[in-house]
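Now for the letters of each chain:
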Amino acid sequence: MKENHSNERSFSVKKFLLASIPSYFFPAVMSWTPGWIMNDKELMSSSYSTIATPSLIATVLVYLILWKVESDNNSLKNRYTRIFFMLLVTISIACLFILLFNFHEFKFNIIVSTILGTVITAWNHPVKSKELV
């Protein structure tokens, strides 16, 4: 008898945490460490606020949108189309956030972190189509 693997869930709480935790932890560590080595207190404080947090927010947004896309069986199956669409959404939200909270001095950190979190999450999480059996 043939097993049907189409019921495997590509999105779950475990996969959500496996995507979200590194999206905060690694940018924070990768930016805090040079700040510590160079004794740059501003970079050290930015590492967990304006560098790691936008990456985490972008990852959470992209993951939730991809989860919804999969459940609705929409047409964002092409990886490059999906990444382009997600970049438009997350960069727009990041720019709105920068304008609303007057974070113009941190816009480079926020935009770059948003792009990294978006691309990595959208690239690593394929959207599987649901087939009716």
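What you see is a predicted model, and the numbers here were worked out from it, not measured in a lab.

Student: What is the right way to read the packing of helix 2 (residues 41–72) against helix 4 (residues 107–124) from this model?
Tutor: The axes of two packed helices give the description: the angle between them and the distance between them. Where helix 2 meets helix 4, the axes come as close as 7 Å, and the angle between the chain directions of the two elements is 35°. The hand of the helix 2/helix 4 crossing is right-handed. Where helix 2 approaches helix 4, its residues Ser 46, Thr 50, Ile 51, Pro 54, Ser 55, Ala 58, Thr 59, Val 62, Tyr 63 and Leu 66 are matched on the opposing element by Asn 109, Ile 110, Ser 113, Thr 114, Gly 117, Thr 118, Thr 121 and Ala 122. Classifying every residue of the contact of helix 2 with helix 4 gives eight nonpolar, ten polar and no charged.

Student: Which parts of the structure should I look at to understand helix 1 (residues 13–37)?
Tutor: Along its 25 residues, helix 1 runs 36 Å from first to last C-alpha, staying within 8% of the 36 Å computed at 1.5 Å per residue. Within the sequence span of helix 1, burial applies to Ala 19, Ser 20, Ser 23, Ala 28, Ser 31 and Gly 35. Buried residues along helix 1 sit in contact with helix 2. Looking one or two residues beyond helix 1, the residue adopting positive phi is Asn 39, at roughly 55°.

Student: Explanation requested: unusual backbone geometry in the structure shown.
Tutor: Leave glycine aside and you will find that most residues have negative phi; peptide bonds, for their part, are mostly trans. Here the phi dihedral of Asn 39 falls at roughly 55°; this positive angle occurs in a residue that is not glycine. With respect to the helices and strands, the residue Asn 39 is situated in the loop between helix 1 and helix 2. A relative accessible area of 56% means that Asn 39 is categorised as exposed. Positive phi outside glycine occurs at Asn 102, with the angle close to 55°. As for its position among the elements, Asn 102 is in the loop between helix 3 (79–100) and helix 4.

Student: So what exactly am I meant to see when it comes to the packing of helix 1 against helix 2 here?
Tutor: Relative to each other, helix 1 and helix 2 sit at 160°, their axes nearing to 8 Å. It follows from the interaxial angle that helix 1 and helix 2 lie roughly antiparallel. Of the two elements, helix 1 crosses helix 2, and the hand of that crossing is right-handed. Taken together, the residues that form the contact of helix 1 with helix 2 break down as 16 nonpolar, eight polar and one charged.

The rules behind the values
- Residues numbered from 1 in each chain as written.
- Predicted model: local features only at pLDDT ≥ 70, side-chain atom pairs only at ≥ 80, totals over all residues.
- Heavy atoms only, no water.
- Axes fitted to C-alpha atoms, helices over the stretch in contact; angles between N-to-C directions.
- Helix = DSSP H or I, 4+ residues; strand = E, 2+ residues; numbered from the N terminus.
- Left-handed = near helix turned anticlockwise from the far one by under 90°.
- Contact = heavy atoms within 4.5 Å.
- Nonpolar A, V, L, I, M, F, W, Y, C, P; charged D, E, K, R; others polar.
- Expected span 1.5 Å × (residues − 1).
- Buried < 20%, exposed > 50% of the residue type's maximum accessible area, 1.4 Å probe, protein only.
- Parallel < 35°, antiparallel > 145°, perpendicular 65-115°, else oblique.

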